[in-house]
Amino acid sequence: MCALRAAGTGCEVVLVTKGSLGEGSTAYAQGGIAAVTAVGDSVLAHVDDTLRAGAGLGERDAVRVLASAGPDAVGALEAIGVAFDRDDSGALRLGLEGAHRVPRILHAGGDATGDAIQRALNRALNAAPVDIRTGSFVTDLVVEDGAVRGVRVLSGERTDTLTADAVVLATGGAGQLYAHTTNPAVATADGVALALRAGATVTDLEFVQFHPTALTDGTLVSEAVRGEGAVLVDERGHRFCVEAHPDAELAPRDVVARAIASAMARQEGRPVLLDATGLRETPSATAAFLAARFPTIDAAVRARGWDWSRHPVPVTPAAHYLMGGVATDLDGRSDLDGLFAVGEVARTGVHGANRLASNSLLEAVVFGTRAADAITGAARRTTPVSPGGAQPARTPAAASAVPRRTPTSEPFSREALQTLMWEHVGLQRDAAGLGLALGALDAWTQAAAPPRSRREHEDVNLLLVARALTAAALGRPRSLGAHHRRDDASAAPPVDTALTSAVLPEKVA
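Residues numbered from 1 in each chain as written. Predicted model: local features only at pLDDT ≥ 70, side-chain atom pairs only at ≥ 80, totals over all residues. Heavy atoms only, no water.

Looking at the environment of Phe 137
Part 1: Note that Phe 137 resides in strand 6 (residues 137–144).
Part 2: According to the relative accessible area criterion, Phe 137 is buried, its value standing at 4%.
Part 3: It is 6.6 Å that separates the C-alpha atoms of Phe 137 and Thr 17, two residues lying 120 residues apart in sequence. (Helix = DSSP H or I, 4+ residues; strand = E, 2+ residues; numbered from the N terminus. Buried < 20%, exposed > 50% of the residue type's maximum accessible area, 1.4 Å probe, protein only.)

Considering unusual backbone geometry
Part 1: Of note, Ala 248 is a non-glycine position whose phi angle comes to about 50°, a positive value.
Part 2: Mapping Ala 248 onto the fold places it in the loop between strand 12 (231–233) and helix 8 (253–266).
Part 3: Note on Ala 248: relative accessible area 8%, which makes it buried.
Part 4: With a phi angle near 70°, Ser 358 is a residue other than glycine that sits in the positive phi range.
Part 5: Examined against the element boundaries, Ser 358 turns out to sit in the loop between strand 17 (346–347) and helix 11 (359–375).

Description of helix 3 (residues 60–68)
Part 1: Residues Ala 62, Val 63, Val 65, Leu 66 and Ala 67 constitute the buried set of helix 3.
Part 2: Tucked into the core, helix 3 has its buried residues touching helix 2 (43–53), helix 4 (70–79) and helix 11. (Contact = heavy atoms within 4.5 Å.)

Description of the packing of helix 13 (residues 414–424) against helix 15 (residues 454–474)
Pairs of packed helices are described in terms of their axes, by the angle between the two and the distance that separates them.
Part 1: At a minimum axis distance of 11 Å, the contact between helix 13 and helix 15 shows a crossing angle of 20°. By the angle between their directions, the pair helix 13 and helix 15 is classed as roughly parallel. Relative to helix 15, helix 13 is oriented so that their crossing is left-handed. Residues Arg 414, Glu 415, Leu 417 and Met 421 of helix 13 lie in contact with helix 15, whose contacting residues are Arg 455, Glu 458, Asp 459, Leu 462, Leu 463, Ala 466, Leu 469 and Thr 470.
Part 2: For the contact of helix 13 with helix 15, a count of residues per class yields six nonpolar, one polar and five charged. (Axes fitted to C-alpha atoms, helices over the stretch in contact; angles between N-to-C directions. Parallel < 35°, antiparallel > 145°, perpendicular 65-115°, else oblique. Left-handed = near helix turned anticlockwise from the far one by under 90°. Nonpolar A, V, L, I, M, F, W, Y, C, P; charged D, E, K, R; others polar.)

Here we look at the layout of surface pockets
Part 1: Within this model, the second largest pocket holds a volume of roughly 370 Å³.
Part 2: Forming the walls of the second largest pocket are 15 residues, and the residues nearest its centre are Ala 261, Met 264, Trp 422, Leu 427 and Gln 428.
Part 3: Mapped by element, the contributors of at least two residues to the lining of the second largest pocket are helix 8, strand 14 (313–322) and helix 13.
Part 4: Among the elements that line the lining of the second largest pocket, the one with the most residues is helix 8, at four residues.
Part 5: Residues belonging to the lining of the second largest pocket are distributed by class as follows: six nonpolar, seven polar and two charged. (1 Å grid on protein atoms, 1.4 Å probe; cavity = no way out; pocket = protein on both sides within 12 Å on 5 of 7 lines; lining within 4 Å. Points joined across faces, edges and corners; volume = space filled by probe spheres on them.)

Concerning the packing of helix 6 (residues 190–198) against helix 15
Part 1: Two elements in contact, helix 6 and helix 15, have axes separated by 9 Å at closest approach and are oriented at 75°. In terms of orientation, helix 6 lies roughly perpendicular with respect to helix 15. On helix 15, the residues touching Asp 190, Val 192, Ala 193, Leu 196 and Arg 197 of helix 6 are Glu 458, Val 460, Asn 461, Leu 464, Val 465 and Ala 468.
Part 2: Residue classes in the contact of helix 6 with helix 15 are distributed as seven nonpolar, one polar and three charged.

Concerning the packing of aromatic side chains
Part 1: Going through the model one piece at a time under the given rule, you end up with five aromatic pairs.
Part 2: Centre to centre, the rings of Tyr 178 and Trp 422 are 6.5 Å apart; their planes meet at 75°, and the pair counts as edge-to-face. Here Tyr 178 is found in the loop between strand 9 (167–169) and helix 6, whereas its partner Trp 422 is found in helix 13, with 244 residues between them in sequence.
Part 3: Since its relative accessible area comes to 2%, Tyr 178 is described here as buried. (Phe/Tyr/Trp six-rings, centres within 6.5 Å; stacked < 30°, edge-to-face > 60°.)

Structure follows, in structure tokens:
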């Protein structure tokens, strides 16, 4: 969206991607895009729902920008060919998801909204005056006199430098930090690592959203399934979410994910069950509804030999979305001149401590467009200081006080990193586990050789962000939203967790 908007104003735009065009998380988004389009809904209601889901950490000004721009964002997507689902009367078909007070989720192709948006974007980009460079991995930002003036790009074995007046990070999240994730393989925290190495402020990394319902191989099962009435039960058939929150399965994601984790612990780690068998009067009617409403999920479930119209299917939480990231103002500017960030890599202040379902696609469209307008001069600066409300960066006090302990002498591998993060920096954390994780991360960082291949560069980025995320989690002793501390020191004051490269090991920074 940013590239299209900027190119449309006459800018010379180069779009650099390490994979193929559109290879990222967008195409996997099943739930849809949240926007106020119905009579009876309001921007104020969308703002309040977003702030409530964010556990009070979201910034009202940023959320108001997001919700107010929803109708225009939908119109912009329709203009490039996204066909949202409509009923027989031609009205938009709206779904309900967790923590939304009313149905406001637009879908395309049932549960293929992200794929429909990505395909439309690909068509528009291929027809636009945009220089698209695939298979090109950005290894570092070029910083001159305190300003970002380009990027270094690895293509095969060749490294080139591209100069630019502005660089926009749109690199997605960090799901590959964890052993279980809904994210594709390309989500290796590259943009956050680039910003850290360059000295930009990064904050709120401790807030990692774990989607409550994924199949055991990480395949996402949209929250919209629960929005249609599916329930979660344990092995005994007990519906446990009603004990965790008044909204049961439609509570904020962090609440549902922890309820599932607790239920799994009570049954020796085995998955819980998502029961969609009662969505219609008969199994045949339920099967027809599931196939029509959720064609992608239905195909995935049945490919694994399960008939979810007749039997519940096993699900577990999985790392899904990074609420923190590069701190920005309301136009995507970081505190490093010339550097912008949009989408999941950015911390705009919208999501707080827990993202409201289906706000991610909306955020990408809204802030991608605003960043382009800021770059091209169509928008004035919205915040002259401290982007995204972040405070001046400092080393989290709680993190520096905890001793590091290396758990084993196991050499670094991506799989070892993912297991470590899942066990100690996952859904539930405590000081002992976080200190153990930091010890291992420090040891692996000190032993790392200079990266040469794309995968080695990704591993360096994952290590860098894993350490920053773990330090941030140590720096917040209180549980909040997606950050849950088993050893919650409830009387302790909150600690700022903004990070820059100054707190990182010298070898990496």
